[in-house]
Amino acid sequence: MIESQEPVTFEDVAVDFTQEEWQQLNPAQKTLHRDVMLETYNHLVSMGCSGIKPDVIFKLEHGKDPWIIESELSRWTYPE
């Protein structure tokens, strides 16, 4: 088995939603998403995988909806 030498980033493990997708989640699902994303980010930081804090973390920390614009989602899905 070949092991990757690249560090894991938050973007590698984050789950992003469009505004439409976010609106379809119920309150418990939104809370679960917030808790998991914040916990995941904190674990990565504690392991030294820190960098610029992602916008979604700022939004979640301030109680804002973390959905992203459709064009931003395609940037993550289909990197150039």
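See the structure printed just above.
Residues numbered from 1 in each chain as written. Predicted model: local features only at pLDDT ≥ 70, side-chain atom pairs only at ≥ 80, totals over all residues. Heavy atoms only, no water.

Colleague: Please clarify how the nonpolar core should be interpreted in this entry.
Modeller: Taken as a class, soluble globular proteins show a tendency for nonpolar side chains to be buried jointly. Core analysis: the largest hydrophobic core is formed by 8 residues, namely Phe10, Met37, Leu38, Tyr41, Leu44, Val56, Ile57 and Leu60. Secondary-structure elements contributing two or more residues to this core are helix 3 (27-46) and helix 4 (55-61). Counting residues per element, this core draws most heavily on helix 3, at 4 residues. Excluding residues that lie within four positions of it along the chain, Val56 makes contacts with Phe10 and Pro66. (Core = buried A, V, L, I, M, F, W, Y, C linked by side-chain atoms within 4.5 Å. Buried < 20%, exposed > 50% of the residue type's maximum accessible area, 1.4 Å probe, protein only. Helix = DSSP H or I, 4+ residues; strand = E, 2+ residues; numbered from the N terminus. Contact = heavy atoms within 4.5 Å.)

Colleague: Looking at this structure, how should I read the pattern of salt bridges?
Modeller: Pairing of side chains with opposite charge becomes possible as their charged atoms draw close. Under the defined criterion, the tally for this structure stands at 2 salt bridges. Here Asp35 ties to Arg34 by a salt bridge, and the two come within 2.8 Å at their closest N and O atoms. Residue class for Arg34 comes out partly exposed when judged on its relative accessible area of 31%. Where Glu61 meets Lys53, a salt bridge forms, and the shortest distance between an N and an O atom there is 3.1 Å. Overall, the relative accessible area of 41% leaves Glu61 in the partly exposed class. (Salt bridge = Lys/Arg side-chain N within 4 Å of Asp/Glu carboxyl O.)

None of the figures reported here should be taken as evidence of function without further support.
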